[in-house]
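A look at the structure
What follows is each chain in one-letter form.
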Amino acid sequence: MTNHDKLALPVGTTLDRFIMRKQEDFPYATGELSQLLRDIALAAKIVNREINRSGLIDIAGAYGNRNVQGEDQQKLDVIANIRFIRALRNGGEVCTIISEEDDEMIQTGNTQGKYVVAIDPLDGSSNIDVNVSIGTIFSIYRRVSPTGNEGTTQDCLQTGTHQVAAGYVIYGSSTMMVYTTGNGVNGFTYEPSLGEFFLSHPNIQTPKTGAVYSINEGVSESFTEGMKGFVAYCKEQHYSARYIGSLVADFHRNLLKGGIYMYPTSQKAPNGKLRLMYECNPLAFIVEQAGGKSSNGRRRTLELEPRDLHERCPLFIGSPELVEKVEEFLASEFAHDAVLKG
Ligand SMILES: O=P(O)(O)OC[C@H]1O[C@](O)(COP(=O)(O)O)[C@@H](O)[C@@H]1O
Ligand SMILES: [Mg+2]
Ligand SMILES: [Mg+2]
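Residues numbered from 1 in each chain as written. Chains lettered and ligands numbered in written order. Predicted model: local features only at pLDDT ≥ 70, side-chain atom pairs only at ≥ 80, totals over all residues. Heavy atoms only, no water.

Remarks on the coordination of the magnesium ion (ligand 2)
Coordination of the magnesium ion (ligand 2) by the protein is provided by Asp 120 (OD), Asp 123 (OD) and Glu 279 (OE), with metal-donor distances spanning 1.9 to 2.1 Å. Between the donor residues of the magnesium ion (ligand 2), the gaps in sequence give the motif D-x2-D-x155-E. Between the magnesium ion (ligand 2) and the magnesium ion (ligand 3), a separation of 3.7 Å is found, and both are coordinated by Asp 120. Placement of the pair is Asp 123 in strand S5 (residues 115-123) and Glu 279 in helix H8 (residues 276-289), with a sequence separation of 156 residues. For Asp 123, a relative accessible area of 4% corresponds to the buried category. (Donors = N, O, S within 2.8 Å, 3.2 Å for Na, K, Ca; no water. Helix = DSSP H or I, 4+ residues; strand = E, 2+ residues; numbered from the N terminus. Buried < 20%, exposed > 50% of the residue type's maximum accessible area, 1.4 Å probe, protein only.)

Here it is, written out as structure tokens:
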């Protein structure tokens, strides 16, 4: 690099330009998905601004309502929900939204919209007021019903293999947007002074294995024997336990460095805690595109047939060799269950 170049280092590829370039790869593309990704990025910038100053203005703490999950909504859960729904509605590409914060499907009024979005507007709600990384997770499907009408349950309850795009935003020491459209995974870092996301992590590949395991051991007493066996195995291997308590943040670290995030079944959560449509499926699409694996301990997450908008399922996600290992530990359990069920 010449001194001349060093004087004005290139700032890099903006998210907008990257989306446009990728669109050119698809001659039949109409630009609607590109516009939808830009709408999500815009809402993320606004939510990022709210989060960065949440300690200064009165948006800390509980909102005073409970969502369909029975969780106390935080004010930032509600603010993020409003911002993303508004951006998706105004963008015009989305007919129907599934949100963690709304019991029913949200009809945007865009009956010509070809896309359905499932979204966790604010992930890691328990970490909002303590300045720990939090996130947003989104999943995009093409509707199956004809345009001209509102989106249907059938449009919403598609298996993860039908996703056309998925991603997350992490609001951490820096703010990043990471997404896939089925052609690899790319990460963009937000430059607030320019108001732009720039390509910072091209073609992310997750390590085949790792020495980090992420699980809430606070409820380990009620783990199944197979699960207890795998956690003991991780300790025998001297793996490091890392658990932030924000799925996006734990997932992001393991995606880049190698490792496994697990939210198994337990007495407290007989079906696990995480939601298939807007937490498990989008991250499973990303991790597979980055060479990783995701399952419910037995079946590939992306092949699970959703029956409910807010359905929960166990999640084992990350480096492929670690996911295969935990599946080995759980396999004996499932075999035993099968015998019991006869
Ligand atoms: O406190 P627990 O039971 O370990 O659960 C933590 C998990 O729950 C979540 O907070 C659930 O997501 P929401 O914050 O979007 O409800 C995950 O981000 C996190 O990994
Ligand atoms: Mg969440
Ligand atoms: Mg949430």
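Regarding the sheet that holds strand S4 (residues 106-107)
Read across the sheet, eight strands follow the order S4-S3-S5-S6-S7-S8-S9-S10 without closing on themselves; strand pairing throughout is mixed. In the strand order of this sheet, the two ends are held by S4 and strand S10 (196-201), each with one partner. Looking at chain direction, strand S7 (residues 163-171) and strand S8 (residues 175-180) are connected through six bridges and run antiparallel. Counted as the bridge partner of Tyr 168 is Val 178 from S8. Helix-sheet contacts for helix H2 (residues 15-24) involve S8, strand S9 (185-191) and S10, and the interaxial angle to S8 is about 5 degrees. (Pairing = 2+ DSSP bridges. Contact = heavy atoms within 4.5 Å. Axes fitted to C-alpha atoms, helices over the stretch in contact; angles between N-to-C directions.)

Considering unusual backbone geometry
With a phi close to 55 degrees, Asn 131 is a non-glycine residue in the positive phi region. Along the chain, the position of Asn 131 falls in the loop between S5 and strand S6 (134-142). Looking at Asn 131, the relative accessible area reads 77%, which means it is exposed. A positive phi angle, near 60 degrees, is found at His 238, a position not held by glycine.

Observations regarding the UniProt feature "domain: Fructose-1-6-bisphosphatase class 1 C-terminal" (unreviewed entry) in the protein chain
Following the UniProt record, the feature "domain: Fructose-1-6-bisphosphatase class 1 C-terminal" (unreviewed entry) maps to residues 207-330 here. In residues 207-330, helix accounts for 39% and strand for 13%; the two terminal C-alpha atoms are 23 Å from one another. (UniProt positions renumbered as here; feature names shortened; annotations may be inferred.)

Notes on the site of ligand 1
Close to ligand 1 lie 18 residues, the nearest being Asp 123, Asn 216, Tyr 243, Leu 247 and Tyr 263. At a separation of 2.8 Å, an oxygen atom of ligand 1 approaches a polar side-chain atom of Asn 216. Here an oxygen atom of ligand 1 sits 2.5 Å away from a polar atom, N or O, in the side chain of Tyr 263. Across the complex, the protein chains shield 90% of the 470 Å² of accessible surface that ligand 1 would expose by itself. Those elements giving two or more residues to the shell around ligand 1 turn out to be S5 and strand S13 (260-263). By residue number, the principal contributor to the shell around ligand 1 is S5, which donates three residues. Looking at the shell around ligand 1 residue by residue, the class counts come to five nonpolar, five polar and eight charged. Counting contributing residues, the shell around ligand 1 receives three or more from each of domain 1 (15-204) and domain 2 (212-340). (Near = heavy atom within 4 Å. Polar contact = N/O pair within 3.5 Å; in protein donor to acceptor, adjacent residues only side chain to side chain. Areas by Shrake-Rupley, 256 points an atom, 1.4 Å probe, with all protein chains shown as cover. Nonpolar A, V, L, I, M, F, W, Y, C, P; charged D, E, K, R; others polar. Domains from an automatic or database assignment.)

Examining the nonpolar core
The biggest cluster of nonpolar side chains holds 40 residues, and the ones touching the most others in it are Leu 36, Ile 140, Met 177 and Tyr 179. Among the elements that line this core, the one with the most residues is helix H3 (residues 32-52), at nine residues. Setting aside residues up to four positions removed in sequence, Tyr 179 forms contacts with Leu 15, Phe 18, Ile 19, Leu 37, Phe 138, Ala 166, Gly 167, Gly 184, Val 185, Asn 186 and Phe 188. Counting 35 residues, the second largest nonpolar core, distinct from the first, contains Met 176, Leu 274, Ile 286 and Ile 317. (Core = buried A, V, L, I, M, F, W, Y, C linked by side-chain atoms within 4.5 Å.)

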